[in-house]
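If you want the building blocks of each chain, they are given just below.
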There are 2 protein chains.
Amino acid sequence: MHRGYRTLVTCAAAVEQRAVKPESEVPGMSAYLDSLRWNNDGLVAVIAQHVDTGEVLMQAYSDRNAICETLQTGLATFYSRSRRERWCKGETSGHFIKVSRVFADCDKDSIIYLGDPIGPACHTGAKTCWFSEAQVGDDGGVSTCGKHEHHAAHSPATTLYALERTIQQRRDEMGQQKEGKPSWTARLLADPVLLCKKVREEAGELCETLEAGEGAERAASEMADLLYHSMVLLNLQGVPMEDVMRVLRQRFGTSGIEEKAARPPKQ
Amino acid sequence: MHRGYRTLVTCAAAVEQRAVKPESEVPGMSAYLDSLRWNNDGLVAVIAQHVDTGEVLMQAYSDRNAICETLQTGLATFYSRSRRERWCKGETSGHFIKVSRVFADCDKDSIIYLGDPIGPACHTGAKTCWFSEAQVGDDGGVSTCGKHEHHAAHSPATTLYALERTIQQRRDEMGQQKEGKPSWTARLLADPVLLCKKVREEAGELCETLEAGEGAERAASEMADLLYHSMVLLNLQGVPMEDVMRVLRQRFGTSGIEEKAARPPKQ
Ligand SMILES: [Zn+2]
Ligand SMILES: [Zn+2]
Ligand SMILES: [Zn+2]
Ligand SMILES: [Zn+2]
Ligand SMILES: [Zn+2]
Ligand SMILES: [Zn+2]
Ligand SMILES: [Zn+2]
Ligand SMILES: [Zn+2]
Ligand SMILES: [Zn+2]
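Residues numbered from 1 in each chain as written. Chains lettered and ligands numbered in written order. Predicted model: local features only at pLDDT ≥ 70, side-chain atom pairs only at ≥ 80, totals over all residues. Heavy atoms only, no water.

Participant: What exactly am I supposed to notice about the overall build of chain A here?
Facilitator: Tallying secondary structure elements over chain A gives nine helices and eight strands in all. The buried share of chain A, taken over its 267 residues, is 54%. Within chain A, contacts between residues at least 6 apart in sequence are counted, and of these 54% link residues at least 24 apart. Carbon and sulfur atoms form 50% of the exposed surface of chain A, whose accessible area is close to 12100 Å². (Helix = DSSP H or I, 4+ residues; strand = E, 2+ residues; numbered from the N terminus. Buried < 20%, exposed > 50% of the residue type's maximum accessible area, 1.4 Å probe, protein only. Contact = heavy atoms within 4.5 Å. Areas by Shrake-Rupley, 256 points an atom, 1.4 Å probe, with all protein chains shown as cover.)

See below:
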């Protein structure tokens, strides 16, 4: 299974669930759409963002009907400038983006669809549309890379996911002969007993920052230690942080986390 | 101090650091810029994203010169469509966005500047430009809210930061008389001894998933428990997850995390 690609909703099922009214039949819809700042083509820019990971999935444009439809169906819908028509992402591929919240920016010409993608967001099959990077190198020249096998390396990974990737790289290198001492991550990956000892130890150190009033800076540092070591432990079990985020969303989105946590601890 | 707004670099200092060459003098730059898909106005859409939190900070447009400059200076630069001129974000406000990486999407008409904002990204003083939300309510009508005091509630918070916000809300409610049993979060916030006991316990349970081979689903669930309880502990110490992410970036960006972690544990 592709990571993060869960149950594929069929197009038909999603379409049936819809009962999209024109804007005139939805109270307040026209006033809202009027408040947006449409460009000369009658469009606003739309950014689809992953609710769990924060990844920017894709960027396209919407007309009034597309915003109106997305608000009603909860499925990311755009206006295709090339085909000049309504475009519900996923309607042909099954790779819908389930939109939970819709935001407009300060000057109302850019929208965020915050949501949960079903499958890859990019038509290439990549998880997001950004996998090619440009940099000015040490030689002062611009280098770019769009090699398919480097997609993950050239995606805009934010800190937590960049760390996750670094840990995976250490894991991938484990079989290889390398010069010098193995990295700390490699040592942890190779020694589950040491790793578990460290996770427990770092949790203790985090608690001590509160117990001994060691201050905010120290607390942030110990939390970083705990997160890092825990993520090494998760890597050994093949668990991506995205799955952890999904668990958190599903729990606290329904107050579930409080309910579950309130149960008496296991004996 | 505003959270997350660190040292303000003066405009002058940043400008001095720059030595922006025209595209013709940077090897490979014209080829790269030629590879992008400019609209009829010679622009591409640009999304500025927070490297630590994944927040979409702002969305604007860049021309060839703006992309060329950003790649060289590492400061987010755009083309202002209203003023019809080059626009280095922060040049007047001091609120620069330090861009560490630049990405293009699959069809090369949308760019991500991944970076670290110095101060609020929005000219309104809000952290990001998205703080107004539209939803179709239970009554079938569209409601929007743009109240200044609700900005945080109507920002596109991803799972980790939405959880952080929920914890803070429980904290804010603590003084208030509320019906029924206090939430689990409120109990933890009120009882640091219980909280520390839980953090240590959850770390142990996470380790047990590896030690006892309890499987990936259980590991994700225990990591969610550990993260949640640790975040309650951080809240009590006024430490946002953004600070933890910054620590992680600063460490593993320079392999520092491995170096620090490799030191012998405290005696
Ligand atoms: Zn805007
Ligand atoms: Zn794409
Ligand atoms: Zn590459
Ligand atoms: Zn590819
Ligand atoms: Zn530590
Ligand atoms: Zn595009
Ligand atoms: Zn703004
Ligand atoms: Zn509100
Ligand atoms: Zn647990």
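Participant: Can you help me understand the coordination of the zinc ion (ligand 9) in this one?
Facilitator: By definition of the ideal shapes, a tetrahedral metal site with four donors has angles of 109.5 degrees and an octahedral site with six donors has angles of 90 or 180 degrees. Residue and element names in this part refer to chain B. Distances from the zinc ion (ligand 9) to its protein donors, Glu202 (OE), Glu205 (OE), Glu222 (OE) and Asp225 (OD), fall at 2.0 to 2.2 Å. Relative to the metal, the four donor atoms surrounding the zinc ion (ligand 9) lie at angles of 89 to 170°, and the coordination shape comes out irregular. Spacing between the donor residues of the zinc ion (ligand 9) along the chain follows E-x2-E-x16-E-x2-D. Placement of the pair is Glu202 in helix α6 (residues 192-211) and Asp225 in helix α7 (residues 216-236), with a sequence separation of 23 residues. By relative accessible area, which is 3% here, Glu202 ends up buried. Among the residues examined, Asp225 registers a relative accessible area of 5% and is labelled buried. (Donors = N, O, S within 2.8 Å, 3.2 Å for Na, K, Ca; no water. Tetrahedral: all angles 85-135°; square planar, octahedral: opposite > 155°, others 65-115°.)

Participant: Hey, could you run me through the coordination of the zinc ion (ligand 6) in this one?
Facilitator: Residue and element names in this part refer to chain B. Protein-derived ligands of the zinc ion (ligand 6) are Asp105 (OD), Asp107 (OD) and Asp109 (OD), with the metal-ligand distances lying across 2.0 to 2.1 Å. Each donor residue of the zinc ion (ligand 6) lies on the same chain, and together they follow the pattern D-x1-D-x1-D. There is no split in this pair, since Asp105 and Asp109 are both buried.

Participant: Sorry, what's going on with empty space enclosed by the protein here?
Facilitator: Considering all chains together, one arrives at two cavities of 30 Å³ or more under this definition. As a volume, the largest cavity reaches approximately 90 Å³. Contributing to the lining of the largest cavity are 14 residues, with Thr53, Leu160 and Tyr161 of chain A together with Thr53 and Tyr161 of chain B lying nearest its centre. If you list the elements that add at least two residues to the lining of the largest cavity, you get α4 (159-173) of chain A together with α4 (159-173) of chain B. Looking at the lining of the largest cavity residue by residue, the classes come out as six nonpolar, six polar and two charged. For the second largest cavity, the full set of lining residues is Met223, Leu226 and Leu227 of chain A together with Met223, Leu226, Leu227 and Ser230 of chain B. Counting residues per element, the ones that place at least two in the lining of the second largest cavity are α7 (216-236) of chain A together with α7 of chain B. Residue contributions to the lining of the second largest cavity peak at four residues, all from α7 of chain B. Taken together, the residues of the lining of the second largest cavity sort by class into six nonpolar, one polar and no charged. (1 Å grid on protein atoms, 1.4 Å probe; cavity = no way out; pocket = protein on both sides within 12 Å on 5 of 7 lines; lining within 4 Å. Points joined across faces, edges and corners; volume = space filled by probe spheres on them. Nonpolar A, V, L, I, M, F, W, Y, C, P; charged D, E, K, R; others polar.)

Participant: For this particular structure, what's the right way to read the pairing of strand β7 (residues 130-136) of chain A?
Facilitator: On a regular strand, one side chain projects to one face of the sheet and the next to the other, so that they alternate. Residue and element names in this part refer to chain A. Where burial is concerned, most of β7 is hidden: five out of the seven residues are buried. Of the strand pairs in this sheet, β7 and strand β8 (residues 142-145) are connected by four bridges, and their pairing is antiparallel. Bridge pairing in β8 links Ala134 to Thr144. Where β7 folds back on β8, the antiparallel hairpin that results is connected by five residues, among which Gly140 adopts a positive phi of roughly 80°. (Pairing = 2+ DSSP bridges.)

Participant: Got a minute to help me understand α7 of chain A in this structure?
Facilitator: Residue and element names in this part refer to chain A. The terminal C-alpha atoms of α7, which comprises 21 residues, lie 30 Å apart, in line with the 30 Å expected from a rise of 1.5 Å per residue. With respect to burial, α7 is a largely interior element, 17 of its 21 residues being buried. Residue Gly238 follows α7 closely and has a positive phi angle near 70°. (Expected span 1.5 Å × (residues − 1).)

Participant: I tried to follow the relation of the copies chain B and chain A on my own but got confused; where do I start?
Facilitator: Note that the two copies of the chain are related through a rotation about an axis and a translation along the same axis. Between the two copies, chain B and chain A, the superposition gives an RMSD of 0.0 Å; the rotation angle is 180° and the shift along the axis is 0.0 Å. In short, the pair behaves as if placed about a two-fold rotation axis. Every residue of chain B has its C-alpha some distance from the rotation axis, and the shortest such distance is that of Gly54 of chain B, at 2.5 Å. Comparing interface residues between copies, 100% of those in chain B also sit at the interface in chain A, which points to an isologous, same-surface contact. (Least-squares fit on C-alpha atoms with pLDDT ≥ 70 in both.)

Participant: What am I meant to see in the sheet that holds strand β1 (residues 44-50) of chain A here?
Facilitator: In a beta sheet, neighbouring strands are held together by backbone hydrogen bonds and run either parallel or antiparallel to one another. Read across the open sheet, the six strands follow the order β2(A)-β1(A)-β6(A)-β5(A)-β7(B)-β8(B); overall the sheet is mixed. Here the strands that pair on one side only, and so sit at the sheet edges, are β2 (56-62) of chain A together with β8 (142-145) of chain B. For this sheet, the mean inter-axis angle between neighbouring strands, taken without regard to orientation, is 30°. Summarising the sheet, β1 of chain A and β2 of chain A pair through six bridges and their orientation is antiparallel. Each bridged residue has a counterpart across the sheet, and for Val46 of chain A the counterpart in β2 of chain A is Ala60 of chain A. (Axes fitted to C-alpha atoms, helices over the stretch in contact; angles between N-to-C directions.)

Participant: Mind showing me how you'd approach the interface of chain B and chain A here?
Facilitator: Interface extent is often summarised as the accessible area lost during association of the parts. Of the residues lining the interface, 111 residues belong to chain B; the matching set on chain A comes to 111 residues. Linking chain B with chain A are eight salt bridges. Of the charged contacts in the structure, one is a salt bridge between Arg101 of chain A and Glu133 of chain B, with a shortest N-O distance of 2.7 Å. At the boundary of chain B and chain A, one finds 34 residue pairs in polar contact (both at pLDDT 80 or more). Here the side of chain B that touches chain A takes 16 residues from α7 of chain B, the largest share from any one element. The residue inventory of the side of chain B that touches chain A, partitioned by class, reads 61 nonpolar, 28 polar and 22 charged. Across four bridges, the pairing between strand β5 (residues 97-105) of chain A and strand β7 (residues 130-136) of chain B is antiparallel. (Salt bridge = Lys/Arg side-chain N within 4 Å of Asp/Glu carboxyl O. Polar contact = N/O pair within 3.5 Å; in protein donor to acceptor, adjacent residues only side chain to side chain.)

Participant: I tried to follow the nonpolar core on my own but got confused; where do I start?
Facilitator: The tendency in soluble globular proteins is for nonpolar side chains to be buried as a group. Judged by nonpolar contacts, the single largest core of 72 residues is most densely connected at Tyr32, Ile67 and Ile111 of chain A together with Tyr32, Ile67 and Ile111 of chain B. Counting residues in each nonpolar core, the second largest holds 70 residues, with Tyr161, Val232 and Leu233 of chain A together with Cys207 of chain B among its members. (Core = buried A, V, L, I, M, F, W, Y, C linked by side-chain atoms within 4.5 Å.)

Participant: Would you take a moment to explain the layout of surface pockets for this structure?
Facilitator: Empty pockets left among the atoms are what a rolling probe the size of a water molecule brings to light. Considering only enclosed or pocket space, the largest pocket measures out at about 1400 Å³ in volume. In terms of lining, the largest pocket is formed by 44 residues, of which the most central are Arg37 and Asp109 of chain A together with Leu43, Tyr61 and Arg81 of chain B. Going through the elements one at a time, β1 of chain A together with β1 (44-50), β2 (56-62) and β3 (77-80) of chain B are the ones with two or more residues in the lining of the largest pocket. The leading source of residues in the lining of the largest pocket is β2 of chain B, at four residues. Taken together, the residues of the lining of the largest pocket break down into 19 nonpolar, twelve polar and 13 charged.

Participant: How should the packing of α4 of chain A against helix α8 (residues 241-252) of chain A be read in this particular structure?
Facilitator: To characterise two packed helices, one gives the angle between the axes of the helices and the distance between these axes. Residue and element names in this part refer to chain A. Between α4 and α8, whose axes approach to 10 Å, the crossing angle comes to 140°. Relative to α8, the element α4 is oriented oblique. Taken together, the residues of α8 that come into contact with α4 (itself represented by Leu160, Tyr161 and Glu164) are Met241, Glu242 and Met245. Class assignment for the residues of the contact of α4 with α8 results in four nonpolar, no polar and two charged. (Parallel < 35°, antiparallel > 145°, perpendicular 65-115°, else oblique.)

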